[in-house]
Amino acid sequence: AELTNVSVANMKVMVKGATLKDEHDMSKLKLKNGVAVMVLGRADDAPALVAPPTEKTVFLEDLPPDARVTAANALKPGLENLGNTCYLNSTLQCLNAVPELVTALQQHVPGGGGADSGADGNVTRALGEVFARLHASGEPHTPLMFLTLFRTAFPQFAQQVGEGRYAQQDAEEAWTQIVTSANRALTAPV
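It should be emphasised that the depicted structure is a prediction, and the values quoted were computed from it without experimental measurement. (Residues numbered from 1 in each chain as written. Predicted model: local features only at pLDDT ≥ 70, side-chain atom pairs only at ≥ 80, totals over all residues. Heavy atoms only, no water.)

## Describing the packing of aromatic side chains
One pass over the full model with this rule turns up four aromatic pairs. Ring geometry for F146 against F150: centres 5.7 Å apart, planes inclined by 15°, an arrangement best described as stacked. Placement of both F146 and F150 in helix α5 (residues 144-153) is noted, with a separation of four residues, approximately one turn of the helix. F150 shares its class with F146; the two are buried. Summarising the aromatic geometry, the rings of F150 and F157 are spaced 4.7 Å apart at their centres and angled 40° between planes, so their arrangement reads as tilted. In this structure an aromatic cluster arises from ring pairing among Y87, F146, F150, F154 and F157. Over the face of the ring belonging to Y166 we find R151, whose NZ or CZ atom lies 3.5 Å from the ring centre. (Phe/Tyr/Trp six-rings, centres within 6.5 Å; stacked < 30°, edge-to-face > 60°. Helix = DSSP H or I, 4+ residues; strand = E, 2+ residues; numbered from the N terminus. Buried < 20%, exposed > 50% of the residue type's maximum accessible area, 1.4 Å probe, protein only. Lys NZ or Arg CZ within 6 Å of the ring centre and 35° of its normal.)

## Focus on helix α2 (residues 86-96)
Where α2 is concerned, the buried positions are Y87, L88, N89, T91, L92, L95 and N96. In the core, the buried residues of α2 are packed alongside α3 (99-107), α4 (119-136), α5 and α6 (171-186). (Contact = heavy atoms within 4.5 Å.)

## Side note on the confidence of the model for the chain
For the chain, the average pLDDT comes to 85, and 91% of its residues sit at 70 or higher. Considering each helix and strand of the chain separately, the mean pLDDT is smallest for strand β3 (residues 37-40), with a value of 81, and largest for α5, with 95. (pLDDT = per-residue confidence, 0-100.)

## Things to note about the pattern of salt bridges
In total, this model carries one salt bridge according to the counting rule given. Residue D120 pairs with R184 through a salt bridge whose shortest N-O separation is 2.9 Å. Placement of D120 in helix α4 and of R184 in helix α6 is noted, with a sequence separation of 64 residues between them. (Salt bridge = Lys/Arg side-chain N within 4 Å of Asp/Glu carboxyl O.)

## Focus on the packing of α4 against α6
Where α4 contacts α6, the two axes come as close as 8 Å, and the packing angle between them is 100°. With respect to their mutual orientation, α4 and α6 come out roughly perpendicular. Where α4 approaches α6, its residues D120, G121, V123, T124 and L127 are matched on the opposing element by I178, S181, A182, R184, A185 and L186. Residue classes in the contact of α4 with α6 are distributed as six nonpolar, three polar and two charged. (Axes fitted to C-alpha atoms, helices over the stretch in contact; angles between N-to-C directions. Parallel < 35°, antiparallel > 145°, perpendicular 65-115°, else oblique. Nonpolar A, V, L, I, M, F, W, Y, C, P; charged D, E, K, R; others polar.)

## Some points on α6
For α6, spanning 16 residues, the distance from its first C-alpha to its last is 22 Å, which sits close to the expected 22 Å at 1.5 Å a residue. Taken together, the buried positions of α6 are A174, I178, S181, A182 and A185. Buried residues of α6 fall within an arc of 95° about the axis and therefore sit on the same side. If you check the start of α6, you find a side-chain oxygen 3.1 Å away from the backbone N of E172, and it comes from D170. (Expected span 1.5 Å × (residues − 1). Arc of directions from axis to C-beta. Polar contact = N/O pair within 3.5 Å; in protein donor to acceptor, adjacent residues only side chain to side chain.)

Below is the structure:
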C-alpha cells in the first residue's frame, strides 16, 4: 500500500490469471522469481478517470410513445442489410462518424493514378458515395455498389456457405481493408 498509494481495501491481486481473495494464503502459491504479480486498484487520492453522468440516461424504449416517434425521427438513416452484411454496415457507420475521413472523401478528386486508379480507388470512391448518400437523404441506403466493389477487391468477403448464402465476416477485418484502401487512394500522387 505504501508503494502504490492504493489502500488494501481498494486492491485486487492477480497471480497466474487468478484473482486472490483476502483469505488466500500467499505462502501456498510457491512463487518463483520472475512470476508476474499484478496489483490493480486506484490510489486513494487519485481523481476518478470518468465523471458520472450529469443527466440520467434515458433509453428509447423507456420513453412514452409520442416521445419515441420524435426521438426516432431525429436518428440518422442507416444502411440496408444485404444478407450477412451487418459487419460491413456497422463498419461503414463507424467510419461515417469520423469527420476527417468524410471531409477527405468529399475533397478527393479521383484519377491521380497509382493506388487511386485500382481496387483501392474503386473502394474509396464507392465509400465516398455511400457517405454522400447517407448525408444527403433521410432514407436508408442500400450499399450494393460498395458491397460489389468491396467483395471484388477483397474476395475473402465474398465467401459463400451453401445455397448462395454469404458467410459471416469480421468487422475489424473489413475496417482494416477499407481504411488501408482509403489511405492508399487518398494519399496517391496526383
